[in-house]
Amino acid sequence: MRSTRHTVQANGITHAVRVAGPPDGVPVLLVHGNVSSAAFWEPLLARLPETLRVVAPDLRGYGETDTVPVDATRGLGDVADDVAALLDAPGLFAAGARPVVVGHSLGGGVAMRLLVDHPQRVAGLLLEAPVSPYGFGGTRDLDGTPTTPDFAGTGAGGANPDFVARLAAGDRSADGPTSPRSVLRTAYVADPASLGDHEDLLLESMLTTATGDDNYPGTALASDHWPGTAAGRRGVLNALAPAHFRLADELVAVPVKPPVTWVRGDADVIVSDTSLFDLAYLGQLGIVPGWPGADRCPPQPMVGQTRAVLDRYAAAGGTYREVALPGCGHSPHLERPAEFVAELLALAGVTAPG
């Protein structure tokens, strides 16, 4: 399957969208994650059958879509509204289409928000290494209880400033652990060999990320609690913070409950119960000084939280399937493509070719 690039006006902005397959094919919507773009799906598209109609947009501030502000106080609502508008944009899907929505990482949060806001438009969810329904960081247990009243340690204040600077500079080197190429090799996948010939394509995708206060990483607020920062009101990382993104109860209560498949790698270092991007876990390791201890600031149980919420979703009438891939990192569609495609086709009700 090969994609073509479309330019679409929706929700007041210009979107770059990759489209593949016949207009009357089984609809699939691919929503990429943070610090990437729709190009991250290209290795997957090459493995999908021509019976699908696949639409993969660049989200706002990524790829070739307009760089416009992200209002963090809406959680991922801005981005979900963009994606919802694309469902009815001319030339993408057939009228009234109900796609299977595939969301990677941040895109998983967008997919959940889309289901909550437009349950009648979603045929199924494939959540790939998704952000917890309680947001990223700052919570202590399976119910998403805050570690501090202001969710200290979450949002843009936790971004590595050297990584942000290298993104903005378009650094393509492997010079040091904070170069985008090094982060791609060590955090996005468990085995850098799995990137194969796609490494440069994926790196270029990362480098399209718009940086600044309104996009990545956003603004930070001072906090009286360790580690001294809390989520601001602007930008992507703040939109993922639990002060603004908490939809567990809404997800469980959604009146139309399509099937959910949750695919994750058990060697993921980004979305994990021991995430190397969670300041509380880094404090526990002694990397961030001054950690107040497990009683006051334990690492966020991200995987456990997602499972607990999906258990509630199932108890309320939905269904879900958890697929944990041994030795796989944050990007199963890149690292274990055959298994990922099989799960996608099963959810879409499509027989695998051959």
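From a predicted model like this one, the values you see are computed outputs, not experimental measurements.

Engineer: Would you take a moment to explain empty space enclosed by the protein for this structure?
Structural biologist: Gaps left between atoms are located by rolling a probe of water-molecule size over the structure's atoms. Per the counting criterion, the structure on display carries 2 cavities of 30 Å³ or more. Considered as a void within the structure, the largest cavity measures approximately 70 Å³ in volume. If you trace the largest cavity, you find 15 residues lining it, with Gly138, Ala152, Asp278, Ala280 and Cys297 closest to the centre. In the lining of the largest cavity, the residues fall into 8 nonpolar, 6 polar and 1 charged. As a volume, the second largest cavity reaches approximately 50 Å³. Leu59, Arg60, Tyr62, Val70, Leu76, Val79, Leu106 and Val236 are the residues that line the second largest cavity. Per-class residue counts for the lining of the second largest cavity are 7 nonpolar, no polar and 1 charged.

Engineer: Is there a simple way to think about a nonpolar patch on the surface in this case?
Structural biologist: Where nonpolar side chains cluster on the molecular surface, the patch consists of Leu276, Phe277, Leu285 and Ile287 and spans about 380 Å² of accessible area. Of note, Ile287 is situated in the loop between helix H9 (279-284) and helix H10 (302-315). Residue classification places Ile287 among the exposed residues on the basis of a relative accessible area of 55%.

Engineer: How should I be thinking about the packing of aromatic side chains in this particular structure?
Structural biologist: Describing an aromatic ring pair means giving the distance of the ring centres and the angle of the ring planes. Per the counting criterion, the structure on display carries 2 aromatic pairs. Geometrically, the ring pair formed by Phe40 and Tyr188 is tilted, given 5.7 Å between the ring centres and 50 degrees between the ring planes. Separated by 148 residues along the polypeptide, Phe40 in the loop between strand S3 (26-31) and helix H1 (42-45) and Tyr188 in helix H5 (residues 180-188) bring together distant segments of the chain. Residue classification places Tyr188 among the buried residues on the basis of a relative accessible area of 7%. Geometrically, the ring pair formed by Phe163 and Tyr216 is edge-to-face, given 6.3 Å between the ring centres and 90 degrees between the ring planes. Of this pair, Phe163 sits in helix H4 (residues 161-169) while Tyr216 is found in strand S8 (residues 216-217), placing the two residues 53 residues apart along the sequence. For the residue pair Phe163 and Tyr216, the accessibility class agrees, reading buried in each case. The residue whose ring lies beneath Lys257 is Tyr313, and the NZ or CZ to ring-centre distance is 5.9 Å. Residue placement shows Arg264 over the ring face of Trp262; its charged tip is 5.5 Å from the ring centre.

Engineer: Please clarify how H10 should be interpreted in this entry.
Structural biologist: Along an α-helix, residues three or four positions apart point the same way, because every turn accommodates 3.6 residues. Given a rise of 1.5 Å per residue, 14 residues ought to cover 20 Å, and the 20 Å separating the end C-alpha atoms of H10 matches this to within 8%. Those residues of H10 lying buried are Met302, Val303, Gly304, Gln305, Thr306, Val309, Leu310 and Tyr313. Considering only its buried residues, H10 is in contact with helix H3 (106-117), helix H8 (248-253), strand S11 (260-265) and strand S12 (320-325). Positive backbone phi, approximately 115 degrees, marks Gly317, located one or two places after H10.

Engineer: What's the story with the sheet that holds strand S5 (residues 100-104) in this structure? I'm lost.
Structural biologist: Spatial strand order, S1-S2-S4-S3-S5-S6-S11-S12: 8 strands in an open sheet with mixed pairing. The open sheet has two edge strands, strand S1 (4-10) and S12, and neither has a second partner. Strand-to-strand twist across the sheet, computed as the mean angle between neighbouring axes with direction ignored, equals 20 degrees. Strand direction decides the pairing type here: S5 and strand S6 (residues 124-128), joined by 5 bridges, are parallel. Paired with Val100 across the strands is Gly124, a residue of S6. Against the sheet, helix H2 (residues 77-86) makes contact with S1, strand S2 (13-20), S3 and strand S4 (52-57), and its axis sits at roughly 60 degrees relative to S2, the strand it touches most. Of the strands in this sheet, S11 and S12 touch H10, which is tilted by about 165 degrees from S11.

Engineer: Can you walk me through the side chain of Thr219 in this structure?
Structural biologist: If you trace the backbone, Thr219 turns up in the loop between S8 and strand S9 (220-222). In contact with Thr219, not counting residues within four places along its chain, are Ala156, Asp213, Ala231, Gly232, Arg233, Arg234 and Asn238.

Engineer: Just to check I follow, could you spell out the packing of H5 against helix H6 (residues 199-206) for this structure?
Structural biologist: For any two helices packed against each other, the geometry comes down to the angle between their axes and how far apart the axes lie. Between H5 and H6, the shortest axis-to-axis distance is 10 Å and the interhelical angle comes to 110 degrees. Of the possible angle classes, the one that applies to H5 and H6 is roughly perpendicular. Two packed elements cross with a definite hand, and for H5 against H6 that hand is right-handed. Contacts between H5 and H6 involve Pro180, Arg181, Leu184, Arg185 and Tyr188 on the former and, on the latter, Glu199, Asp200, Leu202, Leu203 and Met206. Of the residues contributing to the contact of H5 with H6, the split by class is 6 nonpolar, no polar and 4 charged.

Engineer: Where do I start with the environment of Pro299 in this structure?
Structural biologist: Mapped onto the elements, Pro299 comes out in the loop between H9 and H10. C-alpha separation for the pair Pro299 and Gly138, spaced 161 residues apart in sequence, amounts to 8.0 Å. Setting aside residues no more than four positions away along its own chain, Pro299 makes contact with Thr139, Asp273, Asp278, Ala280, Tyr281 and Gln284.

So, how was this worked out
- Residue positions within a chain follow its written sequence, with the count starting from 1.
- Restriction of local features to residues with pLDDT of at least 70 applies here, the model being predicted, together with a cutoff of 80 or more for giving and counting side-chain atom pairs; totals for whole chains, interfaces and linings are based on all residues.
- Computation of side-chain values covers all heavy atoms of the structure but excludes hydrogens and water.
- Residues are said to line a cavity or pocket when one of their atoms sits within 4 Å of a point; the points come from a 1 Å grid over protein atoms alone, cavities being sets where a 1.4 Å probe fits but cannot get out and pockets being open sets with protein on both sides within 12 Å along at least five of seven lines.
- Grid points are joined across faces, edges and corners, and a volume is the space filled by probe spheres set on the points.
- Residues were grouped as follows: Ala, Val, Leu, Ile, Met, Phe, Trp, Tyr, Cys and Pro as nonpolar; Asp, Glu, Lys and Arg as charged; and all remaining residues, including Gly, as polar.
- Like charges are joined within 9 Å and nonpolar side chains (Val, Leu, Ile, Met, Phe, Trp, Tyr) within 5 Å, but only among residues with over 30% relative accessible area and no salt bridge; these make up the patches.
- Note on areas: these come from Shrake-Rupley sampling with a 1.4 Å probe, and a residue is covered only by the protein chains present in the view.
- The salt bridge criterion pairs a side-chain nitrogen of Lys or Arg with a carboxyl oxygen of Asp or Glu, the two atoms within 4 Å.
- Secondary structure elements are taken from DSSP: a helix is a run of H or I of four residues or more, a strand is a run of E of two residues or more, and numbering for both begins at the N terminus.
- The buried label applies to any residue whose accessible area, calculated with a 1.4 Å probe on protein chains only, is under 20% of its type's maximum; exposed applies above 50%, and partly exposed to all values in between.
- Two rings from Phe, Tyr or Trp (for Trp, the six-membered ring) form a pair when their centres sit within 6.5 Å of each other. Planes less than 30 degrees apart are called stacked, planes more than 60 degrees apart edge-to-face, and all others tilted.
- Working rule: Lys NZ or Arg CZ, within 6 Å of ring centre, within 35 degrees of ring normal, means a charge sits over the ring.
- Each helix should span, by expectation, one fewer than its residue count multiplied by 1.5 Å.
- Note on contacts: a residue pair qualifies if any of its non-hydrogen atoms lie within 4.5 Å across the two residues.
- Paired strands are those between which DSSP finds at least two bridges.
- Each axis is a line fitted through C-alpha atoms, and for a helix only the stretch in contact is used; angles between axes span 0 to 180 degrees, taken between their N-to-C directions.
- Roughly parallel means an angle under 35 degrees; roughly antiparallel means over 145; roughly perpendicular covers 65 to 115; every other angle is labelled oblique.
- Should the near helix be turned anticlockwise from the far one by less than a right angle, the crossing is termed left-handed; should it be turned clockwise, right-handed.

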